[in-house]
Amino acid sequence: MRIETLSRVGSYTVAALLVAALALSGMMAQLQQTAVQTEARRHRSYQLAEELRQSSEDLTRLAQAYVSTRNPRYLHYYDELLGIRNGTLPRPADYSTRYWDMRVAGLTAPPSGPRVSLRELMRREGFSDGEFELLSEAERRSDALVSQERQAFAVVGKDPARAHAILYGKAYERQKAQIMEPIDRFIRMVDERTQRELVQLDRRQGAYMDALLFLLGSMFLGFLLLSAYLRKQLLTPLSDLERHVREITSSKQPGDLEPRGFDELVTLGNGVNEMSRAVTREIEALKALDALKNSFVNAISHDLRTPITSLRGYAEFLADGIGGTLTAEQQGFVAQIEKASLRLMHLVDDLLDFARLEAGTLRLNLTQTDLAEKINEVVESLRPQVQEAGINLSVELAPDPLVMLMDPERIERVLINLLTNAIKFTPPGRAIRVRTRREDGEVVCEVIDEGIGIAPEAIPRLFKHFSQLEGGVRKGGTGLGLSISKALVEAHGGRIGVRSTPGQGSTFWFTLPLGEQPPA
């Protein structure tokens, strides 16, 4: 399978699941809203039933108060209450059981709301036929009481006793009590209907919740399965590919990678295998070329040592006058020949050591040697070169003998390399010092110059093969001296480094252990 195909299918699936989850959530919210509306409708039903009961009670109280006191104010409020219930007068916004007590007491203003009858409000609620009929029956019974109250009003002026008997008689009280019977039945019917609707809504909401939980569970399970699938088809192959590439970049030669996973990764894995095989072929070719180069350098260096040695020997014969007395000019020529042959011998030695280091065949000839004597020998051998450069060369050796196990020829090469490097970068008139000291079971040897110094960013590459710094007072060199010196010192179990400040000179140092055992 391709990653693009999985991505497209996954996107469509996630989108569909999200749409379904949103739809279920919306339907659950709608059911919740319907439940709230159902409860609100029940509350309004209670209010209408209570208003019908309360208005009937208020009409009785106002009628009895008028009959008892003949105060026309009670009759006015009585007519106002009927007008409100019948819709001929505006409804009060704050109608309650205390409304008419406050109205009679003059604590509330006349009603100013809409003109809607109680029957119209009942019709607007959309009650069932049975519910509406019960409220209508209660209203008819209340209207029957109103008829008796009107009769009492008609005779109260001529026969107050009869009016009082009408409103306080047993027949009136019996009819008044009968008003509550349909209202109570109405309330029970509304409760039963509301409860059924709420149960149905709760069941539907539970079904939607189950469906939503199932959907979320399916999404979570799908996520786990997708994660496992991606781990197998994407993450694990990528990890194998990364490890394979890391082995290639670390110069290892791993076998072919087994491509697996998505089609793109299989294609990439096959490409990496091709690259790995090509890199392996290149590495083998470079190794063969490097071996050929080392063999060539080693052979050439050996072949050059013999004629150079002969050249130095004959130059020494001439300088000693074996071939006859030389003129001053001839002696100068011979001195130049000796100097050039010595420089050439050092170069050949560097090439030989470099070839042996590269081939891993360098062997140390360890003997007990006094480092102080070796330093003095090297300094004296370079004295003519130092004098020609106009540089002052001095030696500050530790007072005690510095006898240790070392390869004297190799340490001599290190000293020559460090000193010739100092001479190269020290201007005329400046000084070079060679200083030694004992420190923590080691001998520290320092070559301190007053040259041009080294920039901090150039120091890390000083001891690498064929690395040369620009700006030397004197040109020349192969760029191998410091790298070979580092390898020779470390082969003795020592360390080598440099401290330098641009414009103030440099201090090259190396250490050698003072133990009698050869280094491991």
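Residues numbered from 1 in each chain as written. Predicted model: local features only at pLDDT ≥ 70, side-chain atom pairs only at ≥ 80, totals over all residues. Heavy atoms only, no water.

The next subject is the overall build of the protein. Secondary structure summary: the protein contains 13 helices and seven strands in total. When contacts within the protein are restricted to residue pairs at least 6 apart in sequence, long-range pairs at least 24 apart make up 71% of them. With an accessible surface of roughly 29,100 Å², the protein has 56% of that area assigned to carbon and sulfur atoms. (Helix = DSSP H or I, 4+ residues; strand = E, 2+ residues; numbered from the N terminus. Contact = heavy atoms within 4.5 Å. Areas by Shrake-Rupley, 256 points an atom, 1.4 Å probe, with all protein chains shown as cover.)

Within a sheet, adjacent strands bond to each other through the backbone by hydrogen bonds, running parallel or antiparallel. If you walk across this open sheet you meet the five strands as S2-S4-S5-S7-S6, and the pairing is mixed. Two strands close off the open sheet at either side, each with one partner strand: strand S2 (392-396) and strand S6 (496-501). Averaged over neighbouring strand pairs, the angle between their axes works out to 15° when direction is ignored. Contacting S2, strand S4 (431-439) and strand S5 (442-449), helix H11 (residues 371-389) runs over the sheet at an angle of about 175° to S2. (Pairing = 2+ DSSP bridges. Axes fitted to C-alpha atoms, helices over the stretch in contact; angles between N-to-C directions.)

For the rest of this paragraph, the subject is the pairing of S6. As paired elements, S6 and strand S7 (residues 505-513) share six bridges and run antiparallel to each other. Bridge assignment links Arg499 to a residue of S7, and that residue is Thr507. Between the end of S6 and the start of S7, which pair antiparallel, lie three residues, with Gly503 showing a positive phi angle near 85°.

So, on to empty space enclosed by the protein. Summed over the entire model, instances satisfying the criterion amount to one cavity of 30 Å³ or more. Computed from the structure, the largest cavity encloses a volume of approximately 70 Å³. Looking at the largest cavity, the residues that line it are Pro237, Leu238, Asp240, Leu241, Leu257, Glu258, Pro259, Arg260, Leu265 and Gly269. Counting residues per element, the lining of the largest cavity draws most heavily on helix H8 (residues 180-249), at four residues. (1 Å grid on protein atoms, 1.4 Å probe; cavity = no way out; pocket = protein on both sides within 12 Å on 5 of 7 lines; lining within 4 Å. Points joined across faces, edges and corners; volume = space filled by probe spheres on them.)

Here the focus is the pattern of salt bridges. Applying the stated criterion to the full structure yields 30 salt bridges. A salt bridge links Arg140 to Glu133, with the shortest nitrogen-to-oxygen separation between them at 2.8 Å. The residue Arg435 makes a salt bridge to Glu446 at a minimum N-O spacing of 2.7 Å. A residue pair is termed long-range when its members are at least 10 positions apart, and Arg435 in strand S4 and Glu446 in strand S5 qualify at 11 residues. Given a relative accessible area of 2%, Glu446 falls into the buried group. Counted as one network, the salt bridges with shared partners bring together Glu133, Glu137, Arg140, Arg141, Glu181 and Arg185. (Salt bridge = Lys/Arg side-chain N within 4 Å of Asp/Glu carboxyl O. Buried < 20%, exposed > 50% of the residue type's maximum accessible area, 1.4 Å probe, protein only.)

Before going further, it helps to examine the side chain of Arg91. Take Arg91: it is sitting in the loop between helix H2 (72-86) and helix H3 (99-104). Here Glu51 takes part through its side chain, which lies 2.3 Å from a polar atom of the side chain of Arg91. (Polar contact = N/O pair within 3.5 Å; in protein donor to acceptor, adjacent residues only side chain to side chain.)

The next point concerns the packing of H11 against helix H12 (residues 408-424). Axis separation between H11 and H12 bottoms out at 10 Å; the angle between their running directions is 30°. Note on packing geometry: the crossing formed by H11 with H12 is right-handed. Here H11 contributes Leu371, Lys374, Ile375, Val378, Val379, Leu382, Gln385, Val386 and Ala389 to the contact with H12, which in turn contributes Pro408, Ile411, Glu412, Leu415, Ile416, Leu419, Thr420 and Ile423. A class-by-class count of the residues in the contact of H11 with H12 yields 13 nonpolar, two polar and two charged. (Left-handed = near helix turned anticlockwise from the far one by under 90°. Nonpolar A, V, L, I, M, F, W, Y, C, P; charged D, E, K, R; others polar.)

For the rest of this paragraph, the subject is the environment of Ile432. With respect to the helices and strands, Ile432 occurs in strand S4. Considered as a pair, Ile432 and Ala422 are 10 residues apart in the sequence and their alpha carbons are 7.3 Å apart.

Let's shift gears to the environment of Thr108. Structurally, Thr108 is set in the loop between H3 and helix H4 (118-124). The buried category is assigned to Thr108, whose relative accessible area is 18%. A sequence separation of 16 residues divides Thr108 from Pro92, and the C-alpha atoms of the two residues are 9.8 Å apart.

Among all positions in helix H13 (residues 481-491), only Gly481, Leu482, Ser483, Ile484, Ser485, Leu488 and Val489 are buried. At the exit of H13 stands Gly493, carrying a positive phi of roughly 85°.

Here the focus is the pairing of S7. Counted residue by residue, S7 has eight buried out of nine residues, so it is predominantly covered. Relative to S7, S5 runs antiparallel, the two being bridged by seven bridges. Directly across from Glu446, in S7, lies its bridge partner Trp509.

Considering all chains together, one arrives at four aromatic pairs under this definition. Ring centres of Tyr78 and Phe153 lie 5.0 Å apart, and the angle between their planes is 85°; on these two criteria the pair is classed as edge-to-face. Of this pair, Tyr78 sits in helix H2 while Phe153 sits in helix H5 (residues 129-155), placing them 75 residues apart in sequence. Overall, the relative accessible area of 11% leaves Phe153 in the buried class. (Phe/Tyr/Trp six-rings, centres within 6.5 Å; stacked < 30°, edge-to-face > 60°.)

Here the focus is the packing of H2 against H5. Packed helices, taken two at a time, are described by the angle between their axes plus the distance between the axes. Between H2 and H5, the shortest axis-to-axis distance is 13 Å and the interhelical angle comes to 155°. By the angle class used here, H2 and H5 are roughly antiparallel. Viewed along their axes, H2 and H5 form a crossing whose handedness is left-handed. Across from Leu75, Tyr78, Asp79, Leu82 and Arg85 in H2, the residues of H5 making contact are Ser142, Asp143, Val146, Glu149, Arg150 and Phe153. In the contact of H2 with H5, the residues fall into five nonpolar, one polar and five charged. (Parallel < 35°, antiparallel > 145°, perpendicular 65-115°, else oblique.)

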